[in-house]
Amino acid sequence: MDLIQKFENARKVLEFAKDCEGVSKVKLIETRDIVVDERVRFQCSHSGCREYGKRLMCPPFVPEMEEFKKVFSNYIFAVLIQVSGPSCDVLRLAKLLHEAVYKTEKKAFSLGFPFAAGLIGGPCSLCEKCPTGENAKCIKREKARPSMEAMGIDVIKTCKKVGMEIEFKEGEVTWTGLVLLD
Ligand code: SF4
């Protein structure tokens with residue numbers, strides 16, 4: 001697929017994402033606008049996140065940042081997806097974002113992006129509890145995805161850079177996810 005065709009198909013992916021349940025904002029962005037910062041990953045492990053080491057799609061179980069950076073450098077476009085709503089609904093909204101990211105990734109695949117890769121927002125919450133122990137394996141591997149934060153993406157800066165600034169309002173929550181396209 002040449003670059004023009006890629007761009008046209010990426011716009012179709014964007015239209016699809018827009019119609020997913022719960023989605024409030026979407027944008028087709030260039031991956032050079034995605035801000036990756038080691039401090040985000042450091043925060044996962046050293047700022048008291050309760051899910052660290054407990055969720056199989058969170059650090060330390062996900063690839064190291066160096067590996068992600070190498071993979072990431074092969075992508076040009078991505079679709080940024082946001083789901084917003086009342087903070088009392090935080091878990092349901094996180095699941096809606098997860099579903100939207102997953103379905104958009106599948107749609108991208110069907111539109112000629114074989115390396116489409118979805119990243120959710122926050123810890124994977126498809127199951128109430130992740131299995132633990134030395135040989136623990138993800139129960140829903142087909143659908144589980146790591147978060148943008150787990151990969152060291154500065155979500156707040158990235159959203160601001162592309163004009164999808166996250167407004168922190170009392171009683172409201174915004175989850176952001178991403179689908180890398182190639
Ligand atoms: S799908 Fe379930 S087992 Fe897999 S990472 Fe998510 S919560 Fe854990």
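A brief report on the enclosed structure follows. What you are looking at is a predicted structure, and each value in this text was computed from that prediction instead of being measured. (Residues numbered from 1 in each chain as written. Predicted model: local features only at pLDDT ≥ 70, side-chain atom pairs only at ≥ 80, totals over all residues. Heavy atoms only, no water.)

### Quick look at the environment of Gly22
To keep things clear, this is the line we draw: The numbering of helices and of strands both runs from the N terminus, where a helix is a DSSP run of H or I of at least 4 residues and a strand a run of E of at least 2. Here's how the labels work: a residue is buried when its accessible area is under 20% of the maximum for its type, exposed when over 50%, partly exposed in between, all with a 1.4 Å probe on protein chains only. Only heavy atoms matter for contacts: two residues are in contact if any of them lie within 4.5 Å across the pair.
Tracing the sequence through the fold places Gly22 in the loop between helix H1 (3-18) and strand S1 (23-30). Classification of Gly22 as partly exposed rests on a relative accessible area of 35%. Spatially, the C-alpha atom of Gly22 lies 7.4 Å from that of Leu97, the residues being 75 residues apart in sequence. In this structure Gly22 touches Gln82, Val83, Ser84 and Leu96, once residues within four positions along its chain are discounted.

### Remarks on the site of the ligand
What counts here: We call a residue near a molecule or strand when any one of its heavy atoms sits within 4 Å of it. Basically, the charged four are Asp, Glu, Lys and Arg, the nonpolar ten are Ala, Val, Leu, Ile, Met, Phe, Trp, Tyr, Cys and Pro, and anything else, Gly included, counts as polar.
With respect to spatial proximity, the complete set of residues near the ligand consists of Arg55, Met57, Cys124, Leu126, Cys127, Cys130, Pro131, Cys138, Ile139, Lys140 and Ala144. Of the residues contributing to the shell around the ligand, the split by class is 9 nonpolar, no polar and 2 charged.

### Quick word on H1
So the rule is basically this: A helix is expected to reach a length of 1.5 Å times the quantity of its residues less one. By definition, the arc is the one covered by directions from the helix axis to the C-beta atoms.
If you check H1, its first and last C-alpha atoms are 22 Å apart, about what 16 residues at 1.5 Å a residue would give, namely 22 Å. Considered for burial, the residues of H1 that qualify are Lys6, Asn9, Ala10, Val13, Leu14 and Ala17. The arc that holds every buried residue of H1, seen down its axis, measures 160 degrees, which confines them to one face. Tucked inside the fold, the buried residues of H1 contact S1, strand S2 (77-86), helix H4 (90-110) and strand S4 (172-181).

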